[in-house]
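Close look at the chain arrangement
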Amino acid sequence: MLAVLLASFVPASRATDLRPLARTVGLHLVVGFDGTAPPAGLLRSVARGEVAGVILFARNVRSPTQVRGLTRRLQAVRPIGDPPLLVMIDQEGGLVKRLPGPPDHSPAELGRIADPGLAGREGLATGRSLASAGINVDLAPVVDVGRPGTVMARLGRSYSSDPALVSRLAVSFTGGLVAGGVAATAKHYPGLGLARGDEDAQINRITAPVDVLRAVDEAPFAALARSGIGLIMVSTARYPGLDRSAALFSRRIATGELRGRSGFTGVSISDDLDTPAAARLGTAAARGLAATRAGVDLLLFAQSQGDGARAGRRLTDAARTGGLDRPELEQAADRVLALRHRLGPDRRR
């Protein structure tokens, strides 16, 4: 409470000086959990301000009423004065939809219809539906430019193989989501449109030349960055034309390409660091540290709160010992806080 009071008497540029390191690190963590009610350990972490958000899956959903109760419980325990917790879900449409209701068309169906107006209406309906359940971030749209025969095209998760059409539909869908009260997340940067395998099961190797990646695969992300999208998800794939490391561990990709070339100023988030594919890239703590060093703002541990806690401890140790750039860590935390503030004020009494 004292830190909150003092913060009102210091310049905004010094506000982060008063934020404990544990809370700065917590602003980098999004975790999942089992069951239809938040576990006590998660509630304690939320109450201490040591997680930025949670992600919901079908395992957390029994009914719309139950989900509303779950999200209210999570929001009720966060520190007084904190902006809303990020509550995320994958609601793409088609195969990937965790809640009943909109969107009623898969991305591939929207691509075949090729009507940005319909995409906008689907986004609006989806945003209103999610917001009514207390969900404020949709991990959609998928803007991977799916070429024929690739996994995104086969599963109907890609709008089109035409980057211009993908851009138009994604910008419209995103605008609808935002109008409905929900932040959108473009994924999976710099693009899985050439991937042959499931990104959760394997580390894809995308061998397209750099000029193709930039002109085709990154183009929809750049369009969404210009439109002001709130979040972009960085993929686990490798892009040897850009770097030998997986994208979410690559400084050149997660910072240089995403922020430098694509012009993104919002919040970057990792793809799930708990997938079988990601688990091959090191321990949970090592994965979290590597992604943070690359410049990823939010670390998504969708299957395990424990993995998120282990990563948080590693980030804290690294920040204390000089293994992480502390000002950069604070700047990323500020971006996450700014996003949370845009999602609404703390209206509790």
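Every chain is numbered on its own, with residues counted from 1 as its sequence reads. Given that the model is predicted, a residue must reach a pLDDT of at least 70 before its local features are reported, and side-chain atom pairs must reach 80 or more before they are shown or counted; all residues, however, enter totals for whole chains, interfaces and linings. To get the side-chain values, take all heavy atoms of the structure and skip hydrogens and water.

Details of the packing of aromatic side chains
Geometry of aromatic contacts follows a simple scheme: Phe, Tyr and Trp rings, the Trp one being its six-membered ring, pair when their centres are within 6.5 Å, and the pair is stacked under 30 degrees between planes, edge-to-face over 60, tilted otherwise. Under the criterion given, the structure shown has one aromatic pair. Aromatic pair Tyr 189 and Phe 221: ring centres 5.1 Å apart, planes at 80°, arrangement edge-to-face. On the criterion of sequence distance, the pair formed by Tyr 189 in strand β7 (residues 183-189) and Phe 221 in helix α10 (residues 219-227) is long-range, its members being 32 residues apart. Phe 221 carries the same exposure label as Tyr 189, and that label is buried. Strands here mean DSSP runs of E at least two residues long; helices mean DSSP runs of H or I at least four residues long; both are numbered from the N terminus. Buried means the residue's accessible area, taken with a 1.4 Å probe over protein chains only, is under 20% of the maximum for its type, while exposed means over 50%, and partly exposed covers the values in between.

Some points on the pattern of salt bridges
For side chains bearing opposite charge, pairing can occur when the charged atoms are close. Salt bridge criterion: a side-chain nitrogen from Lys or Arg within 4 Å of a carboxyl oxygen from Asp or Glu. Counted by the stated rule, this structure contains 20 salt bridges. With a shortest N-O distance of 2.8 Å, Asp 90 and Lys 187 are connected by a salt bridge. A residue pair is termed long-range when its members are at least 10 positions apart, and Asp 90 in the loop between β3 (86-89) and β4 (91-93) and Lys 187 in strand β7 qualify at 97 residues. A relative accessible area of 8% means that Asp 90 is categorised as buried. Relative accessible area serves as the criterion here: at 2%, Lys 187 is assigned to the buried category. Across the salt bridge formed by Glu 92 and Arg 157, the nearest N and O atoms sit 2.8 Å from each other. You can see Glu 92 sitting in strand β4 and its partner Arg 157 sitting in the loop between α7 (151-154) and α8 (163-179), a full 65 residues away along the chain.

Side note on unusual backbone geometry
A cis amide bond, omega 5°, links Pro 102 with the succeeding residue Pro 103. Summarising the element assignment, Pro 103 is placed in the loop between β5 (96-97) and α5 (107-113). Although it is not a glycine, Ala 114 sits at a positive phi angle of roughly 60°. With respect to the helices, strands and loops of the structure, Ala 114 is situated in the loop between α5 and α6 (116-132).

With respect to the environment of Val 166
In this fold, Val 166 is placed in helix α8. For the pair formed by Val 166 and Val 212, sequence separation is 46 residues and the distance between their alpha carbons is 16 Å. Here, two residues are considered to be in contact whenever any of their heavy atoms come within 4.5 Å of each other. Discounting residues that sit within four places of it in the chain, Val 166 has contacts with Val 143, Val 145, Tyr 159, Ser 160 and Pro 220.

A closer look at α8
Given the number of residues in a helix, its expected span is that number minus one, multiplied by 1.5 Å. Helix length check: α8 (17 residues) gives 24 Å between terminal C-alpha atoms against 24 Å at 1.5 Å per residue, within 8%. Inspection of α8 places Pro 163, Leu 165, Val 166, Ser 167, Leu 169, Ala 170, Phe 173, Thr 174, Gly 176 and Leu 177 among the buried residues, and these make up the whole buried set. Residue Gly 181 follows α8 closely and has a positive phi angle near 100°.

Concerning the packing of α6 against α8
A fitted line through C-alpha atoms represents every axis, and for helices the fit uses only the stretch in contact; the resulting angles, taken between N-to-C directions, go from 0 to 180 degrees. Between α6 and α8, whose axes approach to 6 Å, the crossing angle comes to 30°. One element, α6, and the other, α8, form an angle in the roughly parallel class. Handedness of the α6/α8 crossing: right-handed. For the pair α6 and α8, contact is made by Pro 116, Ala 119, Gly 120, Glu 122, Gly 123, Leu 124, Thr 126 and Gly 127 and by Arg 168, Leu 169, Ser 172, Phe 173, Gly 176, Leu 177 and Ala 179, respectively. Residues are grouped as follows: nonpolar covers Ala, Val, Leu, Ile, Met, Phe, Trp, Tyr, Cys and Pro; charged covers Asp, Glu, Lys and Arg; every other residue, Gly included, is treated as polar. Each residue belonging to the contact of α6 with α8 can be placed in one class, and the counts come to seven nonpolar, six polar and two charged. Roughly parallel refers to an angle under 35 degrees, roughly antiparallel to one over 145, roughly perpendicular to one between 65 and 115, and oblique to any angle outside these ranges. Each crossing gets its hand from how the near helix is turned against the far one by less than a right angle, where anticlockwise is left-handed and clockwise is right-handed.

A few points about the packing of α8 against α10
As a packed pair, α8 and α10 sit with axes 8 Å apart at the nearest point and diverge in direction by 35°. Crossing of α8 over α10 shows right-handed handedness. Here α8 contributes Pro 163, Val 166, Ser 167, Ala 170, Val 171 and Thr 174 to the contact with α10, which in turn contributes Ala 219, Pro 220, Ala 223, Leu 224 and Ser 227.

Comments concerning α10
Residues of α10 that are buried include every one of Pro 220, Phe 221, Ala 222, Ala 223, Leu 224 and Ala 225, and no others. If you follow the buried residues of α10, they end up packed against α8, β7, α9 (210-217) and β8 (231-234). With its phi angle positive at about 90°, Gly 228 sits one or two positions after the end of α10.

Considerations on the nonpolar core
Counting residues in hydrophobic clusters, the biggest one holds 79 residues, and the most contacted among them are Val 54, Leu 56, Leu 74, Ile 135, Ile 232 and Tyr 239. No other element matches the six residues that α8 contributes to this core. If sequence neighbours within four positions are ignored, Leu 56 has contacts with Phe 33, Val 67, Leu 70, Thr 71, Val 87, Met 88, Ile 89, Arg 98 and Ile 135. What is meant by a nonpolar core is a set of buried Ala, Val, Leu, Ile, Met, Phe, Trp, Tyr and Cys residues, joined one to another through side-chain atoms within 4.5 Å. In this structure, Phe 57, Met 233, Ile 269 and Ala 302 belong to the second largest nonpolar core, which totals 21 residues.

Some thoughts on the sheet that holds strand β9 (residues 267-270)
Read across the sheet, eight strands follow the order β9-β8-β7-β6-β3-β2-β1-β10 without closing on themselves; strand pairing throughout is parallel. The open sheet has two free edges, formed respectively by β9 and β10 (299-301), since each of these has just one partner strand. Paired strands are those between which DSSP finds at least two bridges. Pairing of strand β2 (residues 53-56) with β3, which is carried by four bridges, proceeds in the parallel orientation. Among the inter-strand pairings, Leu 56 is bridged to a residue of β3, identified as Ile 89.

Quick word on the confidence of the model for the protein
Parts of the prediction with low pLDDT should not have their coordinates interpreted in detail. Every residue gets a pLDDT, meaning the predictor's confidence in that residue, from 0 to 100. Summary statistics for the protein give a mean pLDDT of 92 and a share of 93% for residues scoring 70 or more. Note on residues 1-15: pLDDT is under 50 here. Beyond four places in sequence and across chains, it has five contacts.

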